[in-house]
Amino acid sequence: MRQLPIWFFVFVCAVFLASSHASATDQPNIVWIIADDLGPELACYGYPNVATPNVDRLAEQGRLFTRAFSTSPVCSSSRSAFQTGRYQTSIGCYHHLTRDKKELQVPTAIDWLRDAGYFISHGDGSVGNKRANKYGVNYLYDKKTHFDAYDWSKREPGQPFFAQVHIHEPHRPFVKSDRERPDAPIPPTYPEHPITRADWSNYLATIEVMDQKVGEVLDRLESEGISDNTLVIFFGDHGRPHVRGKQWLYEGGLHTPLIVRWPANLSRGSVEGGMASLLDIVPTTLEAAGIESSELPGKSLLSQEWNGHERVFAARDRCGDAPDRIRSVRNEQYKYIRNFHPEKPYLQLSSYKKLSYPVETLMKVLHADGQWDSPFMAESRPEEELYDLSADPYELNNLAADASHQSTLLDLRATLNEWMQETGDQGGIDESLTVDMESLMNEKEAWYKRTMKRRGLDPAISDHEYLKWWATELGVE
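Description of the structure in this document. (Residues numbered from 1 in each chain as written. Predicted model: local features only at pLDDT ≥ 70, side-chain atom pairs only at ≥ 80, totals over all residues. Heavy atoms only, no water.)

Topic: the pairing of strand β4 (residues 119–123)
Put simply, the rule is: Note on classification: 1.4 Å probe, protein chains only; a residue is buried when its accessible area is under 20% of the maximum for its type, exposed when over 50%, partly exposed between these limits. Numbered from the N terminus, helices here are DSSP runs of H or I no shorter than four residues, and strands are runs of E no shorter than two.
Counting buried positions over the 5 residues of β4 gives 5, a clear majority of the element. Alternating positions in β4 separate into two faces, F119, S121 and G123 on one and I120 and H122 on the other, with burial throughout.

Looking at empty space enclosed by the protein
Heads up, the condition is: We place a 1 Å grid over just the protein atoms. Points where a 1.4 Å probe fits but has no way out form a cavity, open points with protein on both sides within 12 Å along at least 5 of 7 lines form a pocket, and any residue with an atom within 4 Å of a point lines it. Grid points are joined across faces, edges and corners, and a volume is the space filled by probe spheres set on the points. All amino acids are sorted into three groups, where Ala, Val, Leu, Ile, Met, Phe, Trp, Tyr, Cys and Pro are nonpolar, Asp, Glu, Lys and Arg are charged, and the leftover types, Gly among them, are polar.
Inspection of the entire model under this criterion finds 2 cavities of 30 Å³ or more. Counted as a void, the largest cavity has a volume near 50 Å³. F69, S70, L254, V312, F313, A314, S328, V329, R330 and K335 together form the lining of the largest cavity. Its residues placed into classes, the lining of the largest cavity shows 6 nonpolar, 2 polar and 2 charged. Around the second largest cavity, the lining residues are W248, R316, A322, D324, Y346, Q348 and K353. The residue inventory of the lining of the second largest cavity, partitioned by class, reads 3 nonpolar, 1 polar and 3 charged.

Let's talk about unusual backbone geometry
The omega torsion across E169 and P170 is 5 degrees, close enough to zero to call that bond cis. One can find P170 in the loop between β6 (161–167) and α6 (194–223). With omega at 0 degrees, the peptide bond leading from R172 into P173 counts as cis. With respect to the element layout, P173 can be found in the loop between β6 and α6. The backbone of D37 shows a phi angle near 70 degrees, a positive value even though the residue is not glycine. Inspection of the secondary structure assignment puts D37 in the loop between β1 (29–35) and α2 (53–61). The phi torsion at R244 lies on the positive side, around 65 degrees, for a residue other than glycine. Classification of R244 by relative accessible area gives buried; the value is 11%.

Pasting the structure below:
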């Protein structure tokens, strides 16, 4: 065979390198924007008197999921789940800020994408992402190697990036609202009272701060000319930071916004009513990057014919100094909740909530004075709770003992049992086998006392006196 000229080999190598570079740069950038403690109180979700123009434009340009739920109502266990795409109860990450952290035996989204050539960044939503914010997971990781930098600008030219933008808001403490918002709807699970109104208005104002930070991220993608080839997933790590919300398996603790935008691959402004789980975020991310993930329980949100999940599951375990174990499953109409510790009151001591939630103290005072009542004030809980969400969206009427709903109760009870068995729910393991629980509780008590003393308050202050302090803090007469 006649020897080929050298220029031919140069040409073939150039074509190969060009095609390889094209395939790498064709990978989309991927940005997760994670808001801390965010319920669906956004204008694009139909909530009035809150200004969220940046999240709204994201929804107008992408796909909004009206019924998205976390697998846990508290940050560290929920984040452990959506970072791995697996239930926190399956991977030993279910107690909030567990003291028995271990190395994961499964990959995270970061591991998958780094192996696929992605640059990994981890910022706080500020311009340039100059520092890291809460990652907040219940497993061990090396902070020096888990992320490549705070900001994606440090990547190699043409390298796709995976950025996690962790926005603190609307986590407490809230900012001060500039208005009262008397027409803002408040869940009927809270007493109508000036303290409730003030606290809720501050929550909405803090959401507006979050929205401004979302806008900075979206504007930057536009200014860098990379918006069209960037998959943006916006969501809260779990539901709102209010009584009967965060740390509870009611809708207030699990329901969070979820918006997916990818201009190159998704139609604009679609609204999806099927139930979504935050476990769907990893499969969505991996599909966009061209990575197989068939073993995960979630499903991709990029499907043109999204029809959601038939059932979604959630779990709550110890949160700070409030040990507990609760599991739930919901379908299109009903939610079933199992309380493994029915002997505990709904409002068992939680130092975090006592220090942060003025409405909890308000509820206790009004109830003690005979001015307000709720099943939530009971000194014990039923073992099972069943709610018809179509008729009772705020889960006020427990139907578990209703004879006409026994078939539904039995079906969902069996469904939850199967899920716990199939997913290897580890929540039944006695935490005291590996954790010094007495030291943990003493630490939480000391923190509570220090905080109260910094406020100039006696840690043993009565609820009535504490409510007066909250009224002053909130500017309520």
